[in-house]
Every structure is written in C-alpha cells, then in structure tokens.
Amino acid sequence: MTTFRTPADAAEARAIQDTLRARVVLDEPGPPPGTGRATGVDVAYDEERDVVVAAAVVLDAATLDVVAETTAVGRVTFPYIPGLLAFREIPTVLAALEALPVDPGLVVCDGYGRAHPRRFGLASHLGVLTGLPVIGVAKNPFTFTYEQPGPRRGDSSPLLDGDEVVGRALRTQDGTKPVYVSVGHRTGLDNACAHTLLLARDFRQPETTRRADALCRQALREATA
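Residues numbered from 1 in each chain as written. Predicted model: local features only at pLDDT ≥ 70, side-chain atom pairs only at ≥ 80, totals over all residues. Heavy atoms only, no water.

A few words now on the packing of helix α2 (residues 86-98) against helix α3 (residues 122-130). Closest axis-to-axis distance for the α2/α3 pair is 11 Å, and the angle between their directions is 45°. Here α2 is positioned oblique relative to α3, judged by the angle of their axes. When the axes of α2 and α3 are compared, the crossing they make is right-handed. Mapping the contact onto sequence places A86, F87, E89, I90, V93, L94 and L97 in α2 and L122, H125, L126, L129 and T130 in α3. For the contact of α2 with α3, a count of residues per class yields nine nonpolar, two polar and one charged. (Axes fitted to C-alpha atoms, helices over the stretch in contact; angles between N-to-C directions. Helix = DSSP H or I, 4+ residues; strand = E, 2+ residues; numbered from the N terminus. Parallel < 35°, antiparallel > 145°, perpendicular 65-115°, else oblique. Left-handed = near helix turned anticlockwise from the far one by under 90°. Contact = heavy atoms within 4.5 Å. Nonpolar A, V, L, I, M, F, W, Y, C, P; charged D, E, K, R; others polar.)

Glancing now at the pairing of strand β4 (residues 106-109). With burial as the criterion, each face of β4 is covered, one bearing L106 and V108 and the other bearing V107 and C109. As paired elements, strand β1 (residues 37-46) and β4 share four bridges and run parallel to each other. Residue pairing across strands places A38 opposite L106, the latter belonging to β4. Pairing geometry for β4 and strand β5 (residues 134-138), over three bridges, is parallel. Residue pairing in the sheet places V107 in a bridge with V134 of β5. What joins β4 to β5 is α3, and the crossover it makes is right-handed. (Buried < 20%, exposed > 50% of the residue type's maximum accessible area, 1.4 Å probe, protein only. Pairing = 2+ DSSP bridges. Right-handed = clockwise from strand over helix to strand, strands pointing away.)

The next subject is the sheet that holds strand β3 (residues 66-75). The sheet built from eight strands is open, its strands ordered β3-β2-β1-β4-β5-β8-β7-β6 with mixed pairing. Unpaired on one side and paired on the other, β3 and β6 (156-161) mark the two borders of the sheet. Across the sheet, the axes of successive neighbouring strands diverge by a mean angle of 30°, strand direction being ignored. Sheet topology note: the strand β7 (residues 164-170)/strand β8 (residues 179-185) ladder contains three bridges and is antiparallel. From the neighbouring strand, L170 faces β8, where its bridge partner is V179.

Listed below in structure tokens is the structure:
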C-alpha cells in the first residue's frame, strides 16, 4: 500500500493527483462480475465537530450477503474543494479497509474515478494507494454530459467530457434515474457496469453503497452522541 500524504494546500493536492494519475492501471478487465467479494465504502461527516466516519462493508458478490464490515473515525484535515474531495475522505476510508478481516475484492466507491476533471477521482486515488480493483458509482454526473439512456434496466449511454468518454450513465432499475459509472483502477468500464448491475439487484444504488452508507451514518451518530 502506498502511504497517503496530506497536502498543505490545493496546489499541492493537484500536484499529488497529477503524479499518482500516471499509476492508474486501465488495461485490466477486473474480477469477473458475480464472483468473489465486493466492498462498498462510504463516509459521513459532522462538519461542526470536524469528524468524519468511514464504513467498509464486504458482500459476497453472488449472494449479496454481508461477509464483514468495519468503521473508522477520523478528523477532517482538508477543506472542501471541488475536485479534491478524496483528500478529506481517503485517510479514514483507508483505516476502515485496513481493519477488515478479509480481502475486500472489488471496491465500489460512492463517487468518481476517471469521471473527474483531472481524471483522478476518489476511486482512482483509492485504487492506486491500495492496489485494489476499484470502481466509482456516483449519484450525479458531476460536470459531464450524456444522452438519457433507454428506460429499461441495463440501458446505458456514454458519459462525456467533450468527445472523451469518461464513464457511462447506467439505468439500474426500470424507469429510475441512472447512476454514473466510471473506472477507478484495475477494472474496465464494461466490467464495472456489469458489476454495478449485479450489485444493484433491487434498488437504484448498488447494495454495497446502500449498506456502507447506512453503516457510516449509524457510526457517526454513535461517535458524536
């Protein structure tokens, strides 16, 4: 695992992104969908107390049963700056992942990978630091454009920055808003979308994200009670 370094300011943070971006692996397909484990990571904040809580929830990728889960509590050490959100979240996310008693398999972030202005969102950053296969599944398209995919589960359309494809808008349930899938590290886009569909069996968001979100919110309430 590569050591995380907290930048002194936004300029240093962008320089770190530029350096680490060259280490993103884009030519591996990733683990086969529906096999092994898939781990959701998410964070919750108490801005008044500068507290951040991260959760990591490991699911059996075939059954979606919970295999293991952990949380970690940290301090917010970097300001909110669009495009640099990873520097607020990664230290605590890393602590949660390191506390897992099992290998996490594929990691699913509630955020972006290549679908980022500098092509290095949280999913890419986390993947480079850990060496794990990571994808990003976001709830909104950030600053990018797309045509509405068809109305049925599995319909998709390219997520675009100009003419460059940075991800995919993917319909995970009939008639619901799409989610926005992008490659983080060591997983191809087709594979990332296949994983997302299998993990979003019953709801718009992947079950990995739903469970990690609920767990980190619960842990934050307990940490700040």
